[in-house]
Amino acid sequence: MRSVVGLFNSMPDAVRAAASLRSLGIPDDRIGVLAPGSTASEIHETMPTTEAEQRGMGEAIGGTVGAAIGIAGGATAGAAVATLLLPGVGPVIALGLIGAALLGTGAGAAGALAGEALEEGISNGLPRDELYVYEDALRRGRSVVIAFADEEIAERAQSELRRLGAESVNAAREEWWIGLRDAEREHYLAQGGNFGVDEAVYRLGFESALHPERRGRPFEEVASNLQREYGDRCDSKAFRQGYARGQAYCQHLNKAKGHHN
């Protein structure tokens, strides 16, 4: 099972893309959409809905993240819709259990409960190491489509998302770093580092701090985890400074969002 992800400029575009993935044979419970927003009217403007919940849906999501509603007329984005408050981002509409499960640690128990309703292979394969890219897209008013499919269908699904105008996660990740790079370069140079030589390792440390399971946790607390994932690279000064800056970045976003609200 492989994840397929695309970023779109609007929720309607994302929902249409989800419908296209469904037409390729990907089941509804393996398709999710994340979009900035918080109200039922925003959902109703995008697709026909009904207040009738599927069996077990209220238990899986409703009691934790607010009202969950089934999607009528041939569901195209999963079996439920819920609104979650994502730290540093704000209210997010999650269409489908995959959407709620992906937000997992960042959205508290909601994602954990949704994850229990997914197949183990899908739940374990959720690309949470890319969550910061999705969060940045959501902050910019964009929407995210994510699906799981077997290898052969996954290739066709990714091509279909590109055809429909989706930006890839890799492209969005580079765009995100370009927006931060000058400030990070100046900071690193001020600490006496050689950014031209150390940028790749510094960035790796920065991004490693953005994983949901490491946010708000000092380097020493997660050192063994980092060692397993990154090996000796995490022992370098550049990696450690990048990690510290990544933690500061998360704190800044959370404070800025709270002030804005």
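Here the structure is shown first, and the text comes after it.
All figures in this text were calculated on a predicted structure; none of them were measured in a lab.

Undergrad: Would you mind showing me how to read the packing of helix α7 (residues 131–139) against helix α9 (residues 169–190) here?
TA: Helix-helix packing is described using two parameters, namely the angle between the two axes and the distance between the axes. In contact at an axis separation of 10 Å, α7 and α9 are set at 75° when each is read in the N-to-C sense. With respect to each other, α7 and α9 are oriented roughly perpendicular. In this structure, α7 contributes Tyr132, Val133, Tyr134 and Asp136 to the contact, and α9 contributes Val169, Ala172, Arg173 and Trp176. Partitioning the contact of α7 with α9 into residue classes produces six nonpolar, no polar and two charged.

Undergrad: Honestly, the nonpolar core in this entry has me stumped. Any pointers?
TA: Among soluble globular proteins, nonpolar side chains are generally buried collectively. Judged by nonpolar contacts, the single largest core of 40 residues is most densely connected at Leu34, Tyr134, Trp176 and Phe206. Not counting chain neighbours up to four residues away, the residues in contact with Tyr134 comprise Val5, Leu102, Pro127, Val144 and Val169. Ranked by size, the runner-up nonpolar core spans 23 residues in total, among them Val81, Val145, Ala157 and Leu161.

Undergrad: I'm lost on the environment of Ala149 in this one. Help?
TA: With respect to the secondary-structure elements, Ala149 resides in strand β5 (residues 143–149). The sequence separation of Ala149 and Arg30 amounts to 119 residues, and the corresponding C-alpha distance is 7.5 Å. Residues within four places of Ala149 in sequence aside, it is in contact with Met1, Arg2, Ile26 and Ala154.

Undergrad: In this structure, what is going on with the pattern of salt bridges? I would like to understand it.
TA: Pairing between side chains of opposite charge can happen when the charged atoms of each approach one another. If you walk through the whole model with that rule in mind, you get 17 salt bridges. With a shortest N-O distance of 2.8 Å, Asp136 and Arg140 are connected by a salt bridge. Since its relative accessible area comes to 11%, Asp136 is described here as buried. Arg185 is the partner of Glu186 in a salt bridge, and the nearest nitrogen-oxygen pair spans 3.1 Å. Of the residues examined, Glu186 reaches a relative accessible area of 48% and is grouped as partly exposed.

Undergrad: Sorry, what's going on with the side chain of Glu184 here?
TA: As for its placement among the helices and strands, Glu184 is situated in helix α9. Within polar-contact distance, the side chain of Glu184 engages the side chain of Arg245 at 2.9 Å. When neighbours within four sequence positions are excluded, Glu184 is seen to be in contact with Trp177, Phe195, Tyr202, Phe206 and Arg245.

Undergrad: Just to check I follow, could you spell out the packing of α9 against helix α10 (residues 195–208) for this structure?
TA: It is the contact of α9 with α10, at a shortest axis distance of 11 Å, that shows an interaxial angle of 120°. It follows that α9 is oblique to α10 by the angle criterion. Every pair of crossing elements has a handedness; the one defined by α9 and α10 is right-handed. Along its contact with α9, which presents Arg173, Glu174, Trp176, Trp177, Leu180, Arg181, Glu184, Arg185, His187, Tyr188 and Leu189, the element α10 presents Phe195, Asp198, Glu199, Tyr202, Arg203, Phe206 and Glu207. Each residue belonging to the contact of α9 with α10 can be placed in one class, and the counts come to eight nonpolar, one polar and nine charged.

Undergrad: Even after reading the chapter, I still don't get the packing of aromatic side chains, so can you show me in this structure?
TA: When we look at a pair of aromatic rings, we describe it by the centre distance and by the angle of the planes. Summed over the entire model, instances satisfying the criterion amount to twelve aromatic pairs. Aromatic side chains Trp176 and Tyr249 sit 6.0 Å apart centroid to centroid with 75° between the ring planes, which places their arrangement in the edge-to-face category. Placement of Trp176 in helix α9 and of Tyr249 in helix α12 (residues 237–260) is noted, with a sequence separation of 73 residues between them. Classification of Tyr249 as buried rests on a relative accessible area of 14%. Here Trp177 and Phe206 contribute two aromatic rings whose centre-to-centre distance is 5.6 Å and whose plane-to-plane angle is 75°, an arrangement assigned as edge-to-face. Taken together, the residues Trp177 in helix α9 and Phe206 in helix α10 connect sequence positions 29 residues apart. Phe206 carries the same exposure label as Trp177, and that label is buried. Members of the aromatic cluster, each reached through a chain of ring pairs, are Tyr132, Trp176, Trp177, Phe206 and Tyr249.

Undergrad: Got a minute to help me understand the sheet that holds strand β4 (residues 90–95) in this structure?
TA: Two pairing modes exist for strands in a sheet, parallel and antiparallel, and in both the strands are linked by backbone hydrogen bonds. Pairing is antiparallel across the open sheet formed by five strands, whose spatial order is β1-β5-β2-β4-β3. Strand pairing shows two members of the sheet lacking a second neighbour, β1 (2–8) and β3 (81–86), which therefore form its edges. The average undirected angle you get between the axes of adjacent strands in this sheet is 20°. Direction of pairing for strand β2 (residues 31–36) relative to β4: antiparallel, over a ladder of four bridges.

Undergrad: Looking at this model, I keep getting lost on the pairing of β1. Mind explaining?
TA: Residues in a regular strand point their side chains to alternate faces of the sheet. Most of β1 is tucked away, with five of its seven residues classed as buried. Here seven bridges tie β1 to β5, and the two strands are oriented antiparallel to one another. Bridging across to β5, Gly6 finds its partner in Val145.

Calculation notes
Residues numbered from 1 in each chain as written. Predicted model: local features only at pLDDT ≥ 70, side-chain atom pairs only at ≥ 80, totals over all residues. Heavy atoms only, no water. Axes fitted to C-alpha atoms, helices over the stretch in contact; angles between N-to-C directions. Helix = DSSP H or I, 4+ residues; strand = E, 2+ residues; numbered from the N terminus. Parallel < 35°, antiparallel > 145°, perpendicular 65-115°, else oblique. Contact = heavy atoms within 4.5 Å. Nonpolar A, V, L, I, M, F, W, Y, C, P; charged D, E, K, R; others polar. Core = buried A, V, L, I, M, F, W, Y, C linked by side-chain atoms within 4.5 Å. Buried < 20%, exposed > 50% of the residue type's maximum accessible area, 1.4 Å probe, protein only. Salt bridge = Lys/Arg side-chain N within 4 Å of Asp/Glu carboxyl O. Polar contact = N/O pair within 3.5 Å; in protein donor to acceptor, adjacent residues only side chain to side chain. Left-handed = near helix turned anticlockwise from the far one by under 90°. Phe/Tyr/Trp six-rings, centres within 6.5 Å; stacked < 30°, edge-to-face > 60°. Pairing = 2+ DSSP bridges.

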